[in-house]
Amino acid sequence: LPIAILISGRGSNMEALLNACDAPDYPAEVVAVLSNNPDAAGLDIARAKGIPAHAIDHRPFRQDRESHERAMDRALREAGARIICLAGYMRVLTPFFVKAWSGRMLNIHPSLLPKYPGLHTHQRALDSGDTTHGATVHLVTSGVDEGPVIAQARINIRPDDTAETLSERLLPKEHALYQDALRQFITDQASVL
Ligand code: GRF
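About the thresholds
- Residues numbered from 1 in each chain as written.
- Predicted model: local features only at pLDDT ≥ 70, side-chain atom pairs only at ≥ 80, totals over all residues.
- UniProt positions renumbered as here; feature names shortened; annotations may be inferred.
- Helix = DSSP H or I, 4+ residues; strand = E, 2+ residues; numbered from the N terminus.
- Rg over C-alpha atoms; globule rule 2.2 N^0.38 Å.
- Buried ≥ 20, exposed ≤ 12 C-beta atoms within 10 Å, placed from the backbone.
- Contact = placed C-beta atoms within 7 Å.
- Near = placed C-beta within 6 Å.
- Core = buried A, V, L, I, M, F, W, Y, C linked by C-beta atoms within 7 Å.
- Pairing = 2+ DSSP bridges.
- Arc of directions from axis to C-beta.

- If you look the protein up in an unreviewed UniProt entry, it shows as Phosphoribosylglycinamide formyltransferase from Sorlinia euscelidii.
- According to UniProt, the comment filed for the protein under the heading Function (unreviewed entry) is "Catalyzes the transfer of a formyl group from 10-formyltetrahydrofolate to 5-phospho-ribosyl-glycinamide (GAR), producing 5-phospho-ribosyl-N-formylglycinamide (FGAR) and tetrahydrofolate."
- Under the UniProt heading Sequence similarities (unreviewed entry), the note attached to the protein is "Belongs to the GART family."

Observations regarding the overall build of the protein
In step 1: In terms of helices and strands, the protein carries six helices and seven strands.
In step 2: Overall, the protein shows an N-to-C arrangement of helices and strands of β-α-β-α-β-α-β-α-β-α-β-β-α.
In step 3: For 193 residues, the compact-globule formula gives about 16 Å, and the C-alpha radius of gyration of the protein, at 16 Å, lands near that figure.
In step 4: Each of the three principal axes of the protein carries a C-alpha extent, and together these read 50 × 40 × 30 Å.
In step 5: A total of 193 residues make up the protein; the buried ones form 37% of that total.
In step 6: Pairs at least 24 apart in sequence give 67% of the contacts found in the protein among residues at least 6 apart.

Describing the UniProt feature "active site" (unreviewed entry) in the protein
In step 1: If you check UniProt for "active site" (unreviewed entry), the listed places come out as His 109 in our numbering.
In step 2: Looking at His 109, the number of C-beta atoms within 10 Å reads 23, which means it is buried.

Brief notes about the environment of Pro 60
In step 1: The topology assignment puts Pro 60 in the loop between strand S3 (53-55) and helix H3 (65-79).
In step 2: Residue class for Pro 60 comes out exposed when judged on the 10 C-beta atoms lying within 10 Å of it.
In step 3: Taking the C-alpha atoms as reference points, Pro 60 and Pro 172, 112 residues apart in sequence, are found 35 Å from one another.

A few points about the site of the ligand
In step 1: Taken together, 14 residues lie near the ligand, and Arg 10, Ser 12, Asn 13, Gly 88 and Pro 110 sit nearest.
In step 2: Secondary-structure elements contributing two or more residues to the shell around the ligand are helix H1 (12-22) and strand S5 (105-109).
In step 3: For the shell around the ligand, the leading source of residues is H1, giving three residues.

Let's talk about the nonpolar core
In step 1: Counting 46 residues, the largest nonpolar core has Ala 4, Ile 5, Leu 17, Val 33, Ile 84, Cys 85 and Ala 87 as the members making the most contacts within it.
In step 2: The dominant element in this core, judged by the number of residues it contributes, is helix H6 (residues 163-188), at seven residues.
In step 3: If sequence neighbours within four positions are ignored, Ala 4 has contacts with Val 31, Ala 32, Val 33, Leu 34, Leu 76, Ala 79, Ala 81 and Ile 84.

Points about the UniProt feature "site: Raises pKa of active site His" (unreviewed entry) in the protein
In step 1: Mapped onto the present numbering, the UniProt feature "site: Raises pKa of active site His" (unreviewed entry) falls at Asp 145.
In step 2: One can find Asp 145 in the loop between strand S6 (132-139) and strand S7 (149-156).
In step 3: Every residue in contact with Asp 145, bar those within four places of it in the chain, is listed here: His 109, Leu 113, Pro 117 and Gly 118.

Topic: the pairing of S5
In step 1: Burial runs high along S5: five of the five residues are buried.
In step 2: Taking every second residue as pointing to the same face, both faces of S5 are buried, with Met 105, Asn 107 and His 109 on one and Leu 106 and Ile 108 on the other.
In step 3: Direction of pairing for strand S4 (residues 83-86) relative to S5: parallel, over a ladder of three bridges. Within S5, the position partnered with Ile 84 by the bridge is Met 105.
In step 4: Summarising the sheet, S5 and S6 pair through four bridges and their orientation is antiparallel. Across the sheet, the residue bridging to His 109 is Thr 136, located in S6.

Points about helix H2 (residues 41-48)
Residues that lie three or four places apart on an α-helix share one face, since the helix turns once every 3.6 residues.
In step 1: All of the buried residues along H2 are Gly 42, Leu 43 and Ala 46. The arc enclosing the buried residues of H2, seen along the axis, measures out at 105°, which places them on a common side. Every exposed residue of H2 that faces more than 90 degrees away from the buried side is listed here: Asp 44 and Ala 48.
In step 2: At the exit of H2 stands Gly 50, carrying a positive phi of roughly 80°.

This is how it looks when you write it as C-alpha cells:
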C-alpha cells in the first residue's frame, strides 16, 4: 500500500518506517515524505534513500492553515498516497485535513495515551511520579493526540531517570512500535483501505 510520511524535524521515526518498508514482505511502500519545515533533517535522510521528499513551508501561507494543508493534500494525492503516517509532525492539523484522511492517518505520540497529550510528555510522566511510560500509535481524529489507539509500547521509569534519559530509552521502542502498528493496521483494515 502506498503511504506518505509527514515530518517536521529529525525524522528518526520516519527513517525507521523507511527501513521497515525496504523489507519485501512489508505491506507498505513510501511514495512521499513531506515536511512543513524546509530545514527538517529528515528530508535529507529520505532523499539519500531515494524517496521523493519535499517541504511545503507553512510560513508563506501565514494564518491560512487550511490553504497550506490543501497544498499538502494535493501533493499527497498526486504521489498516490493512501495512508499518512505523522512522525514528529509538529503542527495541529485543520478539520479539513483530518476529515480528508479520516481512518487513513496515524500518529505516534511519546506517552501512554490518554495520559499526557501535547508536549513535554517525559517530564510530565516524571513529575506525576509514574513508574511506567511509553508511546502510542493512534488514528488521528480532530482532538490533538486523541483517536483510537492502535498499539502501545511501555518502558519502566527508573529512579534516576530524567526527561532526556527517558526520551532516549523510549525512542528505539517508538521505532519498533510504529512499524509493527502500521503493519497491523494495514493487515486488519485491508478490506476497507
Ligand atoms: C517522537 O518522540 C515522536 O513520538 C513525537 O515526536 C518525536 C519525533 O522524533 N511525535 P523523530 O522526528 O521521529 O526523530
